[in-house]
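# Chains, contacts and geometry: an overview
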Amino acid sequence: TSHIEICRYCSTTKKHGKKSKIYKKLLVDDGFIAQKTDSQCFFEYSLESFSQNGFVLSNISLDLHKSDFEGNIVTEYEQKFVDLGMPIYRLEARLK
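This report concerns the structure included in the present document. For clarity, every value in this text was computed on a predicted model and none was experimentally measured. (Residues numbered from 1 in each chain as written. Predicted model: local features only at pLDDT ≥ 70, side-chain atom pairs only at ≥ 80, totals over all residues. Heavy atoms only, no water.)

## Quick notes on the pattern of salt bridges
Note the threshold: A carboxyl oxygen of Asp or Glu within 4 Å of a side-chain nitrogen of Lys or Arg is what we treat as a salt bridge. Numbering goes from the N terminus for both helices and strands, where a helix is a DSSP run of H or I of at least four residues and a strand is a run of E of at least two. Each residue's exposure class comes from its accessible area (1.4 Å probe, protein chains only) as a fraction of the maximum for that residue type: buried when under 20%, exposed when over 50%, partly exposed otherwise.
Applying the stated rule across the entire model yields three salt bridges. Measuring nitrogen to oxygen at the nearest pair gives 2.6 Å for the salt bridge that ties lysine 36 to glutamate 78. Remark: glutamate 78 occurs in helix H3 (residues 76–83) and lysine 36 occurs in strand E2 (residues 32–37); sequence separation between them is 42 residues. Residue lysine 36 shares its accessibility class with glutamate 78, and that shared class is buried. Between glutamate 92 and arginine 90 there is a salt bridge whose closest N-O contact spans 2.9 Å.

In structure tokens form, the structure reads like this:
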């Protein structure tokens, strides 16, 4: 597969730096990580963490379902938050 879809992350965000190293090993050439979350705090942390660990960010959305992003696959979990009127945050991270 050419990308890794992350719809929900573990609750311990301090592990993200270690996860970045794993992602680097798993990604194929020109591959990317597509991350979605309902947590603004985690999203902000991810923006910083990916940037500090050699990734370039793109397709950043602060409210995926109100954006013009096409091709989103809505998970059951994601839909529950959308139904509550909560935003879904999304980004793509590629290795530099």
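More follows now that the structure is in view.
## A closer look at the environment of leucine 62
Using the following cut-off: Should any heavy atoms of two residues lie within 4.5 Å, those residues are counted as being in contact.
When you line up the elements, leucine 62 lands in the loop between strand E3 (55–61) and H3. Along the chain, leucine 62 and phenylalanine 43 lie 19 residues apart, while their C-alpha atoms are 9.0 Å from each other. Sequence-distant contacts of leucine 62, that is, excluding residues within four places in its chain, are made with Phe43, Pro87, Ile88 and Tyr89.

## Section: the pairing of E2
What counts here: For two strands to be treated as a pair, DSSP must find at least two bridges joining them.
Across the six residues of E2, six count as buried, placing the element largely inside the fold. Side chains Phe32, Ala34 and Lys36 project from E2 onto one buried face, and the interleaved Ile33, Gln35 and Thr37 project onto a second face that is buried too. One ladder, built from five bridges, connects E2 with strand E4 (residues 89–95); its direction is antiparallel. The partner of lysine 36 across the bridge, within E4, is arginine 90.

## Re the packing of aromatic side chains
Put simply, the rule reads: Two aromatic rings, drawn from Phe, Tyr or Trp (for Trp, its six-membered ring), form a pair once their centres lie within 6.5 Å of each other, and the interplanar angle then sorts them: stacked below 30 degrees, edge-to-face above 60, tilted otherwise.
Enumeration over the complete set of coordinates arrives at four aromatic pairs. When the ring of phenylalanine 50 is compared with that of phenylalanine 55, the centres are 5.2 Å apart and the planes differ by 70°; the resulting orientation is edge-to-face. Grouping residues by exposure puts phenylalanine 50 and phenylalanine 55 together as buried. Centroid distance tyrosine 77 to phenylalanine 81: 4.9 Å. Interplanar angle 55°. Geometry classified as tilted. Of this pair, tyrosine 77 and phenylalanine 81 both sit in helix H3, separated by four residues, roughly a single helical turn. Using a relative accessible area of 36% as the deciding quantity, one classes tyrosine 77 as partly exposed. Residue class for phenylalanine 81 comes out buried when judged on its relative accessible area of 16%. An aromatic cluster is defined as three or more aromatic residues linked by ring pairs; in this entry it consists of Tyr23, Phe50 and Phe55.

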